[in-house]
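Chain by chain, the residues run as shown.
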Protein chains: 2
Amino acid sequence: MIRILLADDEHLIRGAMAALLSLEDDLEVVAQAATGAEALATARVVRPDVAVIDLQMPDLDGVSVAQALSSELPTCSTMIVTSHGRPGHLKRALAAGVRGFLPKTVSSDVLATVVRTVHAGGRYVDPALAAEAISAGDNPLTPREADVLELALEGAPIDEIARRASLSPGTVRNYLSSAVGKTSASNRHEAARFARARGWI
Amino acid sequence: MIRILLADDEHLIRGAMAALLSLEDDLEVVAQAATGAEALATARVVRPDVAVIDLQMPDLDGVSVAQALSSELPTCSTMIVTSHGRPGHLKRALAAGVRGFLPKTVSSDVLATVVRTVHAGGRYVDPALAAEAISAGDNPLTPREADVLELALEGAPIDEIARRASLSPGTVRNYLSSAVGKTSASNRHEAARFARARGWI
DNA sequence: TAGCGGGCATGACATCTGTCATGGCTTTCT
DNA sequence: AGAAAGCCATGACAGATGTCATGCCCGCTA
């Protein structure tokens, strides 16, 4: 019997996935969580065999949870399900020790199969997402460029970005300019959206 | 027995919701669809009592589907479930004849209850979303302002917006300036995000 | 009919942004 | 030690953007 922890902020979906997984004879949902922090806390107590975690949750990112889990509970395999799969997320997830990565468009059969696969020590990444990740290429942004671009995402003017990043406005403009050059964008807003779409920020 | 049509592009969720709803004795999922167009086509054939539709789908918007359904199949009550509920969506949905509007964070009990409610001719809107919609206030943007702001959402420069809207750059700037004034923003990008968050565009 | 609001446009002005050159500082690799 | 790369900053300049005033045309309504 494979003991599963399920984390997703959407009640309906979580309950539904639990219902689906419980239909399988060899799978058992032993715990559920609605936030990243809750998932971590629960996992420490329950020590599940497999953790199925949603990528986007109110507090902690799914990848962060996975990272914490893989160091604290090495016996627990982590897999991530997500609605909006972005290439960058996949890379970060794999780096964090995630064993499975699926979009929510898959069928329940696949989900159950992948749970078994990762529990057996295997890995599984959705083929479509994998292809995207490969074609997306590596993140060309330096850490600071990514920081600044992330602040630019909300559309704030440069002065505010500078204040929030504790940099001089001139420096911010340099980073943004460089980031714009590395994306095929014509201004920082487009660049920010582009980078976001690739999961670079 | 209430006959239900389920439309959601996310296989996993759709299947899971179907599983949940089928647990209820008086509910029966008689059809499923993965896109808006598919939902419409299926509904015409199956003529369900209640249609449970996801707001965001690849092709047709959930609200558009609801609109078509309410005119073509008046006996079919439509309800919408969504991950990212925005006030504007709620208003549009109600205007389109939708009887129920729920975020996916609700429990399956609520879902089943609301299905019964709308089938009985009632209405149900998630209280939190309703409160948001009320506090969001009405859309102060003129149609053209909304058009232009929508094009600005992707971060395009003004010249491109002007071309895409078949307006002169100066006019575009006027509309944007006016839109910025109506939001508490300091530039068009912020204004666009703001308006999007309220569901104005 | 006159007034009002909206759609569309132009011009002028101040400010914001993007770009480039330059330089100093630190860390890492060779 | 020296080269390479990243981080931070300044200054200058062109072009993009935000703001305001002004005007014309249209449809609606008092």
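Residues numbered from 1 in each chain as written. Chains lettered and ligands numbered in written order. Predicted model: local features only at pLDDT ≥ 70, side-chain atom pairs only at ≥ 80, totals over all residues.

Enquirer: Please explain the pairing of strand β4 (residues 77-82) of chain B as it appears in this structure.
Expert: Sheet faces and side chains relate simply in a regular strand, where the side chains alternate between the two faces. Residue and element names in this part refer to chain B. For β4, a buried count of six out of six residues is recorded, marking the element as mostly surrounded by other parts of the structure. The alternating pattern of β4 places Ser77, Met79 and Val81 and Thr78, Ile80 and Thr82 on opposite faces, both of which are buried. Sheet topology note: the strand β3 (residues 50-54)/β4 ladder contains five bridges and is parallel. From the neighbouring strand, valine 52 faces β4, where its bridge partner is methionine 79. Viewed along the sheet, the connection from β3 through helix α3 (residues 62-72) into β4 turns out right-handed. Relative to strand β5 (residues 100-103), β4 runs parallel, the two sharing four bridges. Across the sheet, the residue bridging to threonine 82 is proline 103, located in β5. With respect to chirality, the unit in which β4 leads through helix α4 (residues 87-95) into the neighbouring parallel β5 is right-handed. (Buried ≥ 20, exposed ≤ 12 C-beta atoms within 10 Å, placed from the backbone. Helix = DSSP H or I, 4+ residues; strand = E, 2+ residues; numbered from the N terminus. Pairing = 2+ DSSP bridges. Right-handed = clockwise from strand over helix to strand, strands pointing away.)

Enquirer: What am I meant to see in the protein's contact with DNA strand C here?
Expert: Of all residues adjacent to DNA strand C, which total 20 residues, the nearest are A:Pro157, A:Ile158, B:Thr142, B:Ser168 and B:Gly170. Sorting the residues of the surface near DNA strand C by element identifies α8 (158-165) and α9 (169-182) of chain A together with α7 (143-152) and α9 (169-182) of chain B as the ones contributing at least two each. For the surface near DNA strand C, a count of residues per class yields six nonpolar, ten polar and four charged. (Near = placed C-beta within 6 Å. Nonpolar A, V, L, I, M, F, W, Y, C, P; charged D, E, K, R; others polar.)

Enquirer: Where do I start with the nonpolar core in this structure?
Expert: Side chains of a nonpolar character, in soluble globular proteins, are inclined to be buried together. Residues A:Ile4, A:Ala16, B:Ile4 and B:Ala16 are the most contacted members of the largest nonpolar core, which totals 92 residues. Once residues within four sequence positions are removed from consideration, A:Ala16 is found in contact with B:Ile13, B:Ala16, B:Met17, B:Ala19, B:Leu20 and B:Ser108. (Core = buried A, V, L, I, M, F, W, Y, C linked by C-beta atoms within 7 Å. Contact = placed C-beta atoms within 7 Å.)

Enquirer: Can you help me understand the interface of chain A and chain B in this one?
Expert: Quoted interface sizes are often the accessible area lost when the parts come together. With 26 residues of chain A at the contact, the number on the chain B side is 26 residues. Breaking the side of chain A that touches chain B down by element, the ones donating at least two residues are α1 (11-22), α5 (108-119) and α10 (188-198) of chain A. With eight residues, the single largest contributor to the side of chain A that touches chain B is α1(A). For the side of chain A that touches chain B, the residue count by class is ten nonpolar, ten polar and six charged.

Enquirer: Would you mind showing me how to read the UniProt feature "modified residue: 4-aspartylphosphate" (unreviewed entry) in chain A here?
Expert: Residues and elements named next belong to chain A. UniProt records the feature "modified residue: 4-aspartylphosphate" (unreviewed entry) at Asp54, using the numbering of this structure. Relative to the assigned elements, aspartate 54 resides in strand β3 (residues 50-54). The buried category is assigned to aspartate 54, around which 24 C-beta atoms lie within 10 Å. If we ignore the near neighbours within four places in the chain, the residues touching aspartate 54 are Ala7, Asp8, Asp9, Gly62, Val81 and Thr82. (UniProt positions renumbered as here; feature names shortened; annotations may be inferred.)

Enquirer: Honestly, the sheet that holds strand β6 (residues 124-125) of chain A in this entry has me stumped. Any pointers?
Expert: Across a sheet, strands are paired by hydrogen bonds formed along the backbone, either parallel or antiparallel in direction. Residue and element names in this part refer to chain A. One open sheet accounts for six strands, arranged β2-β1-β3-β4-β5-β6; its pairing is parallel. A single partner strand is all that each edge strand has here, and the edge strands are β2 (27-33) and β6. When strand β1 (residues 2-7) meets β3, the two strands line up parallel, connected through four bridges. Bridge pairing in β3 links isoleucine 4 to valine 50. Sitting on the sheet, α1 is in contact with β1 and β2, with an inclination near 165° to β2. (Axes fitted to C-alpha atoms, helices over the stretch in contact; angles between N-to-C directions.)

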